[in-house]
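Descriptive analysis of the structure
Here is how the chains run, residue by residue.
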There are 2 protein chains.
Amino acid sequence: MKVILGVSNRHVHLTEKTYKKLFGEKPLEVAKKLRQPEQFASNRFVTIKTEAGEINKVRVVGPLRKYNQVEISKTDSYLLKINPPIRESGNIKGSCPITIIGDSGEVHLKEGCILANRHIHITPDEIKKYNLENIKKVKIKINGKKPGILENVYLKIAKKSKLELHLDTDDSNAFNVKTGQKFEIIIEK
Amino acid sequence: MKVILGVSNRHVHLTEKTYKKLFGEKPLEVAKKLRQPEQFASNRFVTIKTEAGEINKVRVVGPLRKYNQVEISKTDSYLLKINPPIRESGNIKGSCPITIIGDSGEVHLKEGCILANRHIHITPDEIKKYNLENIKKVKIKINGKKPGILENVYLKIAKKSKLELHLDTDDSNAFNVKTGQKFEIIIEK
C-alpha cells in the first residue's frame with residue numbers, strides 16, 4: 001500500500017475573530033487548493049514572533065477554524081527559541097505562546113504553537129479496504145539517497161479526506177523527499 | 001553497540017589561502033574543541049551567498065584544510081536555491097558553486113557546497129572490536145517521540161578519530177534528537 005506525500009511548510013490556522021484583527025475586512029482568498037477537501041493555501045501571510053526572533057511570510061491556510069494554531073518545524077523552533085510539543089492538529093492545550101502579526105494588527109496567543117505530528121489522512125472506507133482497523137499509527141519506508149523508516153505516523157480518519165501523508169519540512173528535508181512522491185506504508189505489529 | 005551523536009550545524013572548511021583572503025592576518029583561534037581529534041569550532045564566522053540568498057554567522061571549523069568546503073542542510077539549500085549533492089567530506093568535485101564572505105574579503109568557489117552524508121567516525125581497532133569488517137554503512141535506530149531508522153550511515157574509518165555519529169540539522173530535527181545522545185547501531189545484512 002502506497003501513499004502520496006504532501007509536505008507541510010510552516011503555516012497558521014486562524015479563527016474569524018483573529019483573522020479580522022490581523023487583516024481587517026480584506027477577504028481570505030484561495031491561492032491554491034490543497035489535496036484535503038475544502039482546505040486551501042490562502043493569499044494571506046503573517047509574521048510569527050517570540051521574544052527571541054521572528055519568521056515572516058508564514059502562510060495562512062484556510063478556511064478559518066474554531067481555533068488559532070501555528071505549525072512550525074523543530075528547525076524554526078530553534079530560531080524562535082521555543083520548545084513546542086509534538087501534537088495532532090487541534091490539540092493545542094498547553095502548547096507554546098506566540099505572537100502573530102498581520103497587515104493591520106497583531107494578536108498574542110497564550111498557546112497555539114505546535115510541531116505537527118507525522119500523519120496520514122484516510123477515510124473509514126480506506127481503513128477497511130487496507131485492513132487498518134484498530135491501528136493507530138504506521139511506519140513509512142523511504143528509499144533514495146537518504147533512506148530510512150519514519151515511525152509514529154498517525155492515522156487521521158475522516159470521511160471528508162483524501163489519502164495523503166503529511167510530513168513537515170524537517171522530515172522531508174532529512175529524507176530528501178518532495179510533495180507528490182509516493183511511499184510504502186508498513187503496518188506496525 | 002551504541003554511538004554518541006554530534007549534530008553538525010552548517011559550517012565551512014577553508015584553505016590557508018582562502019582564509020587569508022577572508023580574514024587577512026587575524027588568527028584562526030579555537031572557540032571550542034570538537035570530539036574529533038584536532039578539530040575545533042573556531043572564533044571566525046562567514047556569510048555564504050548565492051544569487052538567490054545568503055546565510056550569515058556560518059562557523060569556520062578548524063584547522064585549515066587542503067580544500068574549501070561548505071556543508072549546509074537541505075533546508076538551507078532551499079533558501080539559497082541550490083541543489084548540492086549528498087557527499088562524503090572532501091569529495092567536492094562537481095558540487096555547487098557558492099560565495100564565502102569574511103571580515104576582509106570574499107571568495108567565489110566554483111565548487112565546494114555539499115550536503116554531508118550521514119556518517120560515523122570510527123577507528124580500525126573499533127571496526128575489529130565490533131565485527132564491522134567489510135561493512136560500508138549501517139543503520140541507526142532512534143527512539144523518542146519522532147522515532148525511526150536512519151539508513152545509509154557510512155563508516156568513516158581513521159586511526160585518529162573518536163567514535164561519533166555525525167548527522168546534519170535536518171536529520172537531528174526530524175528525529176528530535178541532540179548532540180550527546182546515544183543511539184543503537186543496526187548492522188545492514
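Just so you know, these numbers come straight off a predicted model, no measurement behind them.

Examining the overall build of chain A
Helix and strand content of chain A: 4 helices and 14 strands. The C-alpha atoms of chain A give a radius of gyration of 17 Å, which matches the 16 Å a tight globule of 189 residues would have. Each principal axis of the C-alpha atoms in chain A carries an extent, and together these give about 50 × 30 × 30 Å. Within chain A, the fraction of its 189 residues that count as buried is 50%. By sequence separation, contacts in chain A at least 24 residues apart represent 66% of the contacts at least 6 residues apart. Looking at chain A as shown, the accessible area adds up to about 9,700 Å², and 49% of this sits on carbon and sulfur atoms.

Comments concerning the nonpolar core
Among the nonpolar cores identified, the biggest contains 41 residues, and A:Ile120, A:Ile140, A:Leu165, B:Ile120, B:Ile140 and B:Leu165 are the most heavily contacted of them. If we ignore the near neighbours within four places in the chain, the residues touching A:Ile140 are A:Val3, A:Ile120, A:Gly148, A:Ile149, A:Leu150, A:Val153, A:Leu165, A:Phe183, A:Glu184 and A:Ile185.

Topic: the packing of aromatic side chains
Going through the model one piece at a time under the given rule, you end up with 3 aromatic pairs over all chains. An angle of 55° between the planes, with centres 5.8 Å apart, marks the rings of A:Phe175 and B:Phe175 as tilted. Of this pair, A:Phe175 sits in the loop between helix 4 (169–174) and strand 14 (182–187) while B:Phe175 is found in the loop between helix 4 (169–174) and strand 14 (182–187), placing the two residues in two different chains. The pair formed by A:Phe175 and B:Phe175 is uniform in burial state, with each residue classed as buried. Of note, A:Arg118 hangs over the ring of B:Phe175, and the distance from its end group to the ring centre comes to 5.3 Å.

Considering the pattern of salt bridges
This structure, assessed with the given rule, holds 17 salt bridges over all chains. Here A:Glu16 makes a salt bridge to A:Lys20, at a shortest N to O gap of 3.6 Å. Linking A:Glu16 with A:Lys20, this pair stays in helix 1 (residues 16–23), spanning 4 residues, or about one helical turn. The partly exposed category is assigned to A:Glu16, whose relative accessible area is 48%. Look at A:Lys20 and you get partly exposed, because its relative accessible area is 43%. Connected through salt bridges with shared partners, the residues A:Arg118, A:Asp168, A:Asp171 and B:Lys146 form a single ionic network.

Points about a positive patch on the surface
On the surface, a cluster of positive charge is made up of A:Lys2, A:Arg35, A:Lys162 and A:Lys182. Relative to the helices and strands, A:Lys2 is located in strand 1 (residues 2–8).

Some words on helix 1 of chain A
All names here are of chain A. The complete set of buried residues in helix 1 reads Thr18, Tyr19, Leu22 and Phe23. Take helix 1 and look down its axis: the buried residues cluster within an arc of 105°, on one side only. Against strand 4 (40–49), strand 5 (54–62), strand 8 (96–101) and strand 9 (106–116) lie the buried residues of helix 1. Of the residues flanking the end of helix 1, it is Gly24, one or two places downstream, whose phi is positive at about 60°.

Considerations on the interface of chain B and chain A
The partner chain A presents 23 residues to the 23 residues of chain B that form the contact. For the pair chain B and chain A, the two sides together bury roughly 2,100 Å², of which 50% comes from carbon and sulfur. On the chain B side of the interface with chain A, the three residues burying the most area are B:Ile86, B:Lys146 and B:Asn173, jointly 26% of the side's total. Linking chain B with chain A are 6 salt bridges, by the criterion used here. Between B:Asp171 and A:Lys146 there is a salt bridge whose closest N-O contact spans 3.3 Å. Inspection of the chain B/chain A interface yields 17 residue pairs in polar contact (both at pLDDT 80 or more). Those elements that place two or more of their residues in the side of chain B that touches chain A are helix 2 (74–80), strand 12 (148–157) and helix 4 of chain B. It is strand 12 of chain B that provides the largest number of residues to the side of chain B that touches chain A, a total of 5 residues.

Quick notes on the relation of the copies chain B and chain A
After a rotation of 180° and a shift along the axis of 0.0 Å, chain B superposes on chain A with an RMSD of 0.0 Å. The superposition operator between the copies reduces to a two-fold rotation axis. A shared interface surface links the copies, since 100% of the contact residues of chain B are contact residues in chain A too.

Some points on the pairing of strand 5 (residues 54–62) of chain B
Residues and elements named next belong to chain B. Sheet analysis places strand 2 (residues 11–13) next to strand 5, joined by 2 bridges and oriented parallel. Paired with Val12 across the two strands is Val60, which belongs to strand 5. Pairing between strand 4 (residues 40–49) and strand 5: 6 bridges, direction antiparallel. Paired with Val46 across the bridge in strand 5 is Val58. Here strand 4 folds back onto strand 5 in antiparallel fashion, the turn holding 4 residues.

Some thoughts on the domain arrangement of chain A
How big an interface is tends to be stated in terms of accessible area lost as the parts join. All names here are of chain A. Once the domains are mapped, chain A shows domain 1 (9–116) and domain 2 (119–186). The interface is formed by 10 residues belonging to domain 1 together with 11 residues belonging to domain 2. Both faces considered, domain 1 and domain 2 share a buried interface measuring about 990 Å² in area, 44% of it formed by carbon and sulfur atoms. Of all residues in domain 1, the largest losses of buried area upon contact with domain 2 belong to Arg35, Gln36 and Pro37, amounting jointly to 51% of the total for that side. Applying the counting criterion to the domain 1 and domain 2 interface returns 1 salt bridge. With a shortest N-O distance of 2.9 Å, Glu38 and Lys160 are connected by a salt bridge. In terms of residue class, the side of domain 1 that touches domain 2 is built from 1 nonpolar, 5 polar and 4 charged.

Quick notes on the rules
- Residues numbered from 1 in each chain as written.
- Chains lettered and ligands numbered in written order.
- Predicted model: local features only at pLDDT ≥ 70, side-chain atom pairs only at ≥ 80, totals over all residues.
- Heavy atoms only, no water.
- Helix = DSSP H or I, 4+ residues; strand = E, 2+ residues; numbered from the N terminus.
- Rg over C-alpha atoms; globule rule 2.2 N^0.38 Å.
- Buried < 20%, exposed > 50% of the residue type's maximum accessible area, 1.4 Å probe, protein only.
- Contact = heavy atoms within 4.5 Å.
- Areas by Shrake-Rupley, 256 points an atom, 1.4 Å probe, with all protein chains shown as cover.
- Core = buried A, V, L, I, M, F, W, Y, C linked by side-chain atoms within 4.5 Å.
- Phe/Tyr/Trp six-rings, centres within 6.5 Å; stacked < 30°, edge-to-face > 60°.
- Lys NZ or Arg CZ within 6 Å of the ring centre and 35° of its normal.
- Salt bridge = Lys/Arg side-chain N within 4 Å of Asp/Glu carboxyl O.
- Patch = residues over 30% accessible without salt bridge, like charges linked within 9 Å, V, L, I, M, F, W, Y side chains within 5 Å.
- Lys, Arg positive; Asp, Glu negative; His and termini not counted.
- Charge placed at Lys NZ, Arg CZ, Asp CG, Glu CD.
- Arc of directions from axis to C-beta.
- Buried area = accessible area lost by both parts, 1.4 Å probe.
- Polar contact = N/O pair within 3.5 Å; in protein donor to acceptor, adjacent residues only side chain to side chain.
- Least-squares fit on C-alpha atoms with pLDDT ≥ 70 in both.
- Pairing = 2+ DSSP bridges.
- Domains from an automatic or database assignment.
- Nonpolar A, V, L, I, M, F, W, Y, C, P; charged D, E, K, R; others polar.

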